[in-house]
Each structure stands twice: as C-alpha cells, then as structure tokens.
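Chain and residue survey
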Amino acid sequence: MFMFRNCAVLLVIGSICCFIYGIINLYVDVEPNACRMTYMFGQPMFSRVQIKNGELYPNYRLFYYYEGLRDSVEPHAKEMTGAPVIFVPGNGGSYKQVRSLASVALRKALTNDAGIHLDYYTIDYDEELSALYGGYLFHQQRYLKLCIRTILSLYKGRSEEPSIVLIGHSMGGKLAHSVLTDLSIGQHINTIISISTPLDRPVLNLDAELDAFYAQTDSALSRTRTVTLPTTRTNVCNSLHQNPPSVQNMALKETSANLDNVLLISTAGGNRDLLVRPGLTASKFNDLHAMTSAIPRVSLSCDHLSAVWCLQFIKTINRFLFSIARVRDDRSVIFGTDKQRNLKSALSHFVKRPSRPQSTMSFSAANNWNEERRLVINKYFANGLKTSYFDLIGIKRHKRYKKLAVEALNVDDIDWLFGCTALVHKETGQTYCEKVTPLTHLVQRLPNREREPRSIAVLDLHNLRNTYLEWTHVLVRLPAGSGHLGYNLDIYDPKERHVDIRLPRWYSFSKQLAVNETLQGTLHYRLRISELFDPYQSLRVIVEPLQCLKPQYRVTARLCVPWAAGFERFQTLTSPDEKPQLYANVPTLLPKHYNTTLNPVIMDLYLDPICRYRISYEYGYSSALSRLVLEFSSWLPAHLTCVLLIVLRKQVSTFHEVGSFKSLKPYTGYLQYTSLYVVTACRLLKKLILSSRVLPTPESLDYSINVSIVIHCAAIAFSLVAALATWLALSLYGNAFYRLALRLTRQSQPSSNILISIMTHLPITYGILTIATAIGTCSGVGLLLAFVFYFLMLSNAYKDYLEDFVWQKAANLVRGTPSEPAATGSEGDGDTLSGIDDGQSDEKKQQQEEEQEEMAAEKKEIDPEPCVGLQNFPFHVTLLLMLLMQLLLTGPNTLAWVRSRRHGIDLPDPSLQSSVVVLISLSLLLQFRAPQKCSGYWMMSIVLYVLSGIVLLYCQAAIYRLNFVFAGAFALLAAHQGLWILWRRLN
C-alpha cells in the first residue's frame, strides 16, 4: 500500500505537469497566421430592414449591406434583383463581420460579365454568448425565421421565388441548420455554409437549454435529412469523390428525404482554431466537409475569428456562390436549385477539380514535341518558354513500375497533364498526339507558401493501361511564359515507396527509422499508419534532408483519415526544425470494430527532388499532450467534482480534537488517491450497465483509460491547489474580501457586521435571504451572495479559532505543568522529614494520591472535544469549493440575466431548481452546526461513492448535470444531519 501511495503521488505530479505543458504547447506550437486581410473598397454601410413583429425582439436587428453610396438604400423601397444571402453571426459575433464576404462579392459583381450579383443581409444578435447559454438559441432561432420570411417578401414581385443561402459562423451555423426543422422555412433554403461550427454537439454543454436545442435539431433533421455515418468499410482515402447518400437518393424520389435538396457544407479552420476543434465541425447530415488547409487556393489554417475575414477563404466562398447563381430573363439573379450541379460546383471549389475527365482536345504536330524514356526526369526552364513545350512519357514500356508521380512548377490553373494515343508523323517521323484527354481531375494543387505554384499527380499506370487500352503515352505540356517553369517525373514500384508503420506505444521513447535514405529525384512516399485511432494520439514524422542541390527545399505532407470524410489536411515544411512540426493525428474516434491495419491512416509525402532524405518517426509527446488538453479539458469539471465528493466522504466522518494542530489545516483529506479507484471501477460499471439495459445509458465516451487517469490526476492536483488557496484566503485575505463585499453590496460596515452576526447565530436567515435573491433575480446572483456570506462566516470563525488556539498554547507555555515536580519534591521532603512528623506526612501523601487517581479517572472518562460546526474547517472548505463550482457553472446564465435586464426580456433559468435545493440544504447544515459527531456516516460514505460514480458516467460531456449532483450531495448531507438530531431529541 505504501508503494502504491508513492506511485499515486508521482502519477498526480506527472499528470499535472503534463497538463500544464500541454496548455503551453497548445498556444506556442502553432503555425503562423498566413491569412491576408480583406479590405473594403468603399465605406461600409448598413441599412436596417424592418421586420413584422420585430418589437418582440428589441435587441435584435436585420441589416442590408452596401458600400460607398452617399444616398441610403432602403430594401423595402428598392427593387431587389440579386440572389439573397444571409450572414448569421455566432457566439459573441457582430453583424459587421459580414463586411469581408459582402465587399468581395460587390467587387466580383462589377467584373462579372453575366450580370450576377448577390444581396447580402446580416443579423445583429447583440453579441450574445450563445455557445455558453442555450436560452439564447431558441430566441435567436425564432428571429432568424422572421428574417427569412421578411427577406422573401422583398422578392415577391418575381415570377420565380428565389431561394436563400445561409452562411453561419460559429454558433450561427448551428442556428442556420436549426431552421430546417421548420419545413415551411426549409423549402426556401438553397445552401447552408457553416464556418467553424460545432454542429452535432456543443464545445461545452453547460446548461439544459443548450442540450435541448441540439437534441431537438438532431431529432427533427433525422426525419427530414439522410444520415451519413462511417462504417467498418468506409475508406474515404480510396474514393474522395463518392457521392453522399443524400445525393444518391435524389435520383430516387420515393426514397429521398424531404430536405435532401438543401446543400449543407461545413468547414473547419484546422490547428489554429483553438475554440472549436475540427472534430466538432462535421455533421452526419452534411453533404460536404472541408478543412481550410485542403481547400484549393486557400491551403492554410484559420483561427476561429480570422475565418470571417481571411481573404483567400472569403474569395473561395464567393466564387462558389457565383458559380451556382444564374441570371433570369428579367435580369434578376437566383440560385440554381439543382442539388447535384451545386454539389459538383462545391466539390470543385472546396475539395479539388471535377472527378470526371473533360472532353478531348487537339494539338498540332508542328509543336515542340519530345519523347522521354527515363524513369526520373527533372526539367527546368529558368527564363521561361517562347512556345509551349510537349513531353511524352510512355506508359507501356515499364510494366514493372505501376506508379507515376509528376509535378509541374509554376503552372497554375491550366490543363497540363493528358492521356493520349501517340502517332508518328509520316514526313518527320516525330512522335506526337493529335487527340488528348485532360487528366486535370487527378492533379492536386499543393500549398505554395507564397512561392511558385506546385501541382502534382500520382497516376496508377496499371489502372490506366487496363482502363484506356488505346492510350500509349502520358503528355506533359508546359505553356509559354517568361517565368520559371519546369516539371519533375518519378516512375516507381509502389512496393518500394509504400511504408507500413505502426504507432509506437506512449512509453516508447525511441526514434524509429522508416526510410534510411531516399534517392535523388524521388517525388512521392506514402506512409500507412496503423493503430492511430484516438484523437489524443499523435505520431511525429521527421523528414530530414541529407544532401540538397539548393539551400531551399519544400516538402508537403497530405494526411487522410479513412473514416473521417473531409478532414484531409496539408502541411508544408521548409526546414527540419520548423514549427509546427509534422504530426499525424485523427479528428474523431474511429467507428466500432474498425480495422486500422486494413484501412490505415495515410500520409503522403511530396518531396522536393533536389534533396535526399531520411524519414523517421516517433511518438509525438508534445502534440499528444496539446491534443489531450484541447479534446478533453472539458472533462475537468466532472473529475474535479468526483474528487471533491471523495474528499467529502472522508472529511464528513473525521473529527479532529479541538486545539490540535490537525484542526488548523483546512486541506486535510485532499492528499488522497482513493478517487482513482472510482475511475477504474466506472469503466467496468459502464459495461455492466450497457449489458443489463436497466439503468440509463452512460455517455458514449469510449476513449482510452489513459485519458481519464491523466485528467483525473490533474483534477486531484487542482483540488489541492484550490484548497490551499482557500486556506490562504481565509487566513490572510479575509479582510480584503470583506471590504470588496462591502463595496459590491454597498453596505455600511456596522450593518454588515450585524448581518453576518445574525446569519452566523441564526443561519436560517442566510437561507431565506439567498433563496429570495435567487428567485427574484437569477440563480447565479443568489449563489454569489451565498458564497460571499459563507466565505465571510468561515473566515471569521477560522480567525476566532486561530486566536483561541494561539492564546491557549501560549498560556500552557507560561503556566507549565508543576504537578509532577511538586509530587517529586514532596516525596523527597517526606523522606527527609520522616523522622520529625511521620503521622502528618502520611496523611498528606495519602490525600495527594487519592486526588491524582480521581483526576486520572476523570480524564479517561471524558473524551477529547471534537471540532463540530464551523470549527470543522476541512468539511466546510470542501462545501465552499462545491458551492464555488456551482456558482461558476451558472456564470453564463448570470451574464445572460444581466444583459437581458436592459431590454426587459425574460430568459429561462435552467439552474434555478438545483440552486434553490443547494441554498436550502446549506442553510440547514449551518443551522444544525454540521457536521455533528453521530452515527450513520458509513451510509453517507456509500452514497457519496455512488454520486462520484454517477459524475463520471453521466456528467463528463453533459456538464450541466453537475448542478443536480451538487444539489443531491447537499440535500443528502442536510437530511442525514437533520435526521440524527431528530433521533437524538426523541431519545
């Protein structure tokens, strides 16, 4: 047991150090922001659109955006001819965030020959924190529906009613999805683009209203949309362009869901977005998902806020919107309603070029034709080309080699790769191709880092030979131009370039070799990574240049997760020590029974052929710790609650002697490791609950137990720090908190002293005051008042107890214990004077011995006085921390109440009932002078164990349920103390 205790201490220390390191590394090891700012070309102007019944939402407004006009634009008085687009801001977002999107669209409309233009509208939600308080969402949803109906009424004069595109940022994307629950609104929606939106579950599930909003949206969309979920056979790395089931069902009207005609697109910012992690941005109802680092012409990671002004990304969104819009005969613009056509356009803008070969093209035999027979080719034209250059590569000569990698440098946005059947010119004998088929759909444009564009294609020669039997060559065409041009070719056997590796164990600290040395001119290597399935796991890949022909090189890595569609991402390295380093990780947990050996995670390395490289790998500890913090830090409140309940279980039955040193330590009981047993026991209990199907189903968090142990050990360390901080605050800063409370409550010092004295001696008034405050205002205000008074009462009690303790010890030192020396002296005197007065000394001796025996008997009969009531400081410090956690959980609700007071809006208070129970129970505990030394604590110990298990089974993701756990713990403690007092009085 001693050894296990030492191991537990080391585990707690190691876990908190890892957690802190993960937090630091999360904000340090991030790629620089490569987004270009979007600037307005004119003065941004917002014209308010009047809404019917808009007075029900006094703090919300709808605006129409325009630029640079001296005269104001009134949408109600003007004929609106553009295609309507509504921007929906998110958590704390401003309606002015539409400026970048709308300004780029206005500029693009001026240069559009077809006359396509867009009408941008934006909603002002008063910058409400809708991600933290769910009561806002239902309110905002109803207003969004009113806005859609109002905007449709502006286009009533058209012969064909237009459909609307919704663009939602952050929680605005979830609001846009939620309007599809109303079929009368959903039939007018064309496309929804969500930007960095937590679609299927929130980042933090802090209240029941937020949980209900997600549950209602999910339930309604399950009936009106086709659901796409990964299976054990899913492998998107093999078929990136497979149509989702919603598009497949569109061909069969009888099986198509009601709202499958609405195109749903979601995007994620990548590793720079630390607010909404990528795994939350995809939805089972989506048609398309894309990472900004993989979007053509974007190829960078956006943080949560820059996604709405990043010029590269904003241009891509507007290009897509212009591509699906069309002009009618009356010069009005509408969005096309052909779902399949719109999806193909979305794929070409957000993923890559269309997957189908285009029509054939013709070239003249008089061009500059060349035929290459080598396996490795590197051709560069530093000064450009005066005429187009054609190179033919035979595909039937080297049947042993099944792969061909070819890249073009500085060849952008044109067809440069073709397949063809070669002919021989009768007069010159030159080999050429007259009819060619573009292979542009197989070309991947790589991120260029502001350098020359790099496009690459990896062709399966075996597949080309069997599919196009008449083809003899692959054609590379370099266009005429003055800039640097060139192309590289690498024909190889995939057995030599496909490397199977396994994720090392977390306790393996060694670096392992994948490729000792690549050949000069190598373009492509593929790493197939198995056993990488948890979101916190990370593999670091080291691509080390051994020898380069030039000092500058460029290596691009493409990561594909087979069960996660749309999470393909790219990263470019230009030096071995560049940050962030090259890591492989997955955004979501793999499906059950998924085989990562048959369907491994794929990392394609597109190498610069000017260098030879060594490729090695190791477990990515820094990245793993950062991802653990990013993915699972939301579990901390539940684990901290579990720790406090286990600490309370020990404290409630431990009574130190009054005047002892142990009674001065409020952190007693926090140095424990018993709660680790609860973590392991809950893993087994979860399996029993799922198999028995009697109790409610626990949360489906099937992650490694390593995650739970690290988070729980970090919670143990945080609880100890919180207890020490509370102790210091009680002993050193009580007066400072007292003065702060006086300023906040605007009470005078005499009246405050009287109030605290009344609450200390008659705690039921404490409950009446705080409960009335909670009901009259909101639960958070009542809890805040309760916490302040509870802290001040505990601080005063601790100071009084500390003064008595010091005076008692000082008095004992001054008075000393003279009884023993007196007895010794009297014995010596008796021996000396025994001959003088024998009779008298014998009587005194006998009397002293009798008195000492009586005192010893009294000491044995009288037990030491225990610390009860407010003198049991460890117990009350734990209750104070539990009350603080309840207060923090209701913080968003309190902020919502404060903001809503300005407009007279009534918002639901989901924490009111649990808060009232806590306040009633706490006032009763103070009235009963709890804890009292009584029987039945073994029952309370079992109950607290059960509550701690409930926390880990049902409250790690649904954080708002902790309110009910706190209410149950306080109520059970109050009931136990009250029943014991009642039983004692009856007996």
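Residues numbered from 1 in each chain as written. Predicted model: local features only at pLDDT ≥ 70, side-chain atom pairs only at ≥ 80, totals over all residues. Heavy atoms only, no water.

Put simply, the rule is: UniProt positions are given in the numbering used here, feature names are shortened, and annotations may be inferred rather than shown by experiment.
The protein chain appears in an unreviewed UniProt entry as GPI inositol-deacylase from Drosophila pseudoobscura pseudoobscura. In its Subcellular location (unreviewed entry) section, UniProt records this for the protein chain: "Endoplasmic reticulum membrane". What UniProt states about the protein chain under its Function (unreviewed entry) heading is, verbatim, "Involved in inositol deacylation of GPI-anchored proteins which plays important roles in the quality control and ER-associated degradation of GPI-anchored proteins."

1. Things to note about the overall build of the protein chain
Put simply, the rule reads: Secondary structure follows DSSP: runs of H or I at least 4 residues long count as helices, runs of E at least 2 residues long count as strands, and numbering of each begins at the N terminus. Relative accessible area decides the class of each residue, using a 1.4 Å probe on protein chains only: under 20% of the type maximum gives buried, over 50% gives exposed, and in between gives partly exposed. Method for areas: the Shrake-Rupley scheme with a 1.4 Å probe, in which residue coverage is limited to the protein chains shown.
The helix and strand inventory of the protein chain stands at 26 helices and 32 strands. Looking at the protein chain residue by residue over its 987 residues, the buried ones come to 54%. Of the roughly 45400 Å² of accessible surface on the protein chain, 56% is carried by carbon and sulfur atoms.

2. Topic: unusual backbone geometry
Following Ala930, the chain continues into Pro931 via a peptide bond in cis, with omega recorded as 0°. In this structure, Ser196 is a non-glycine residue whose phi angle is positive, near 50°. Counting through the fold element by element, Ser196 comes out in the loop between strand S6 (189–195) and helix H6 (208–224). If you check the backbone angles, Arg693 has positive phi at about 60° while not being a glycine. We classify Arg693 as exposed; its relative accessible area is 75%.

3. A few points about the environment of Lys78
The criterion, for reference: It only takes one pair of heavy atoms within 4.5 Å for two residues to be counted as in contact.
Take Lys78: it is sitting in the loop between strand S2 (61–67) and strand S3 (83–88). Relative accessible area serves as the criterion here: at 40%, Lys78 is assigned to the partly exposed category. Linking Lys78 and Leu154, residues 76 residues apart in sequence, is a C-alpha distance of 8.8 Å. Apart from residues no more than four positions distant in its own chain, Lys78 is found in contact with Tyr64 and Val73.

4. A few points about the pairing of strand S4 (residues 118–124)
So the rule is basically this: At least two DSSP bridges between two strands are needed for those strands to be called paired. With strands facing away from the observer, any crossover in which the path from the first strand over the helix to the second runs clockwise is taken as right-handed.
Where burial is concerned, most of S4 is hidden: seven out of the seven residues are buried. The side-chain alternation of S4 yields two buried faces, one formed by Leu118, Tyr120, Thr122 and Asp124 and the other by Asp119, Tyr121 and Ile123. Pairing between S2 and S4: four bridges, direction antiparallel. Across the sheet, Arg61 pairs through a bridge with Asp124, a residue of S4. Relative to S4, S3 is paired through five bridges, and the arrangement is parallel. Residue pairing in the sheet places Pro84 in a bridge with Asp119 of S4. One crossover worth recording links S3 to the parallel S4 by way of helix H2 (residues 99–110), and it is right-handed.

5. Notes on the packing of helix H8 (residues 311–324) against helix H9 (residues 339–350)
What counts here: Angles here are taken between N-to-C directions and fall from 0 to 180 degrees, while the axes themselves are lines fitted to C-alpha atoms, restricted in helices to the stretch in contact. Orientation categories follow fixed angle ranges, with anything under 35 degrees roughly parallel, anything over 145 roughly antiparallel, 65 to 115 roughly perpendicular, and all other angles oblique. By convention the crossing between two helices is left-handed if the near helix lies anticlockwise of the far one by an angle smaller than a right angle, and right-handed if it lies clockwise. Classification used: nonpolar for Ala, Val, Leu, Ile, Met, Phe, Trp, Tyr, Cys and Pro, charged for Asp, Glu, Lys and Arg, polar for all others including Gly.
Packing of H8 against H9 brings their axes to within 10 Å, and their N-to-C directions diverge by 155°. One element, H8, and the other, H9, form an angle in the roughly antiparallel class. At the point where H8 passes H9, the crossing takes the right-handed sense. Facing Phe313, Thr316, Ile317, Arg319, Phe320, Ser323 and Ile324 of H8, the residues of H9 in contact are Arg341, Asn342, Ser345, Ala346, His349 and Phe350. Its residues placed into classes, the contact of H8 with H9 shows six nonpolar, five polar and two charged.

6. Focus on a nonpolar patch on the surface
Here is the rule: Only residues above 30% relative accessible area that lack a salt bridge enter a patch, with like-charged residues linked at up to 9 Å and the nonpolar side chains Val, Leu, Ile, Met, Phe, Trp and Tyr linked at up to 5 Å. When a carboxyl oxygen of Asp or Glu is within 4 Å of a side-chain nitrogen of Lys or Arg, the pair counts as a salt bridge.
Taken together, the side chains of Trp938, Met939, Ile942, Val946 and Ile950 present a nonpolar region at the surface, about 510 Å² in accessible area. Tracing the backbone through its elements, the reader meets Val946 in helix H25 (residues 937–954). Judged by its relative accessible area of 46%, Val946 falls in the partly exposed class.

7. So, the state of the cysteines
Disulfide: a covalent bond connecting the sulfur atoms of a pair of cysteines. Operational definition: The disulfide criterion used throughout: a pair of cysteine sulfur atoms within 2.5 Å.
Going through the model one piece at a time under the given rule, you end up with four disulfides. Across a sulfur-sulfur distance of 2.3 Å, Cys35 and Cys310 are joined as a disulfide pair. In this structure the cystine formed by Cys35 and Cys310 twists about its S-S bond by roughly -90°; its chirality is therefore left-handed. Note that Cys35 is positioned in the loop between helix H1 (2–28) and strand S1 (44–49) and Cys310 in the loop between strand S8 (288–291) and H8, a separation of 275 residues in sequence. Residue pairing for Cys548: its cysteine sulfur links by disulfide to Cys611, the two sulfurs lying 1.9 Å apart. Sign of the S-S torsion, about 115° for the bond between Cys548 and Cys611, identifies this disulfide as right-handed. Of this pair, Cys548 sits in strand S27 (residues 539–548) while Cys611 sits in strand S32 (residues 611–619), and the two are 63 residues apart along the sequence. Residue classification places Cys611 among the buried positions, given a relative accessible area of 1%. Take the cysteines of the protein chain that form disulfides and number them in order along the sequence; they join up as 1-3, 2-7, 4-5, 6-8. Its sulfur unpaired, Cys18 is 7.0 Å from the next cysteine sulfur, which belongs to Cys17.

8. Some points on the nonpolar core
The following threshold applies: The criterion is simple. A nonpolar core is a set of buried Ala, Val, Leu, Ile, Met, Phe, Trp, Tyr and Cys residues joined through side-chain atoms within 4.5 Å.
Residues Met603, Leu605, Tyr766, Leu879, Met882, Leu883 and Val951 are the most contacted members of the largest nonpolar core, which totals 138 residues. If one sorts the elements of this core by residue count, helix H19 (residues 779–815) sits on top with 13 residues. In this view, Leu605 contacts Leu523, His524, Tyr525, Leu527, Val543, Thr556, Ala557, Leu582 and Ile615; residues no more than four positions away in its chain are not counted. The next biggest cluster of nonpolar side chains, apart from the first, holds 45 residues, and it includes Leu118, Ala307, Leu311 and Phe313.

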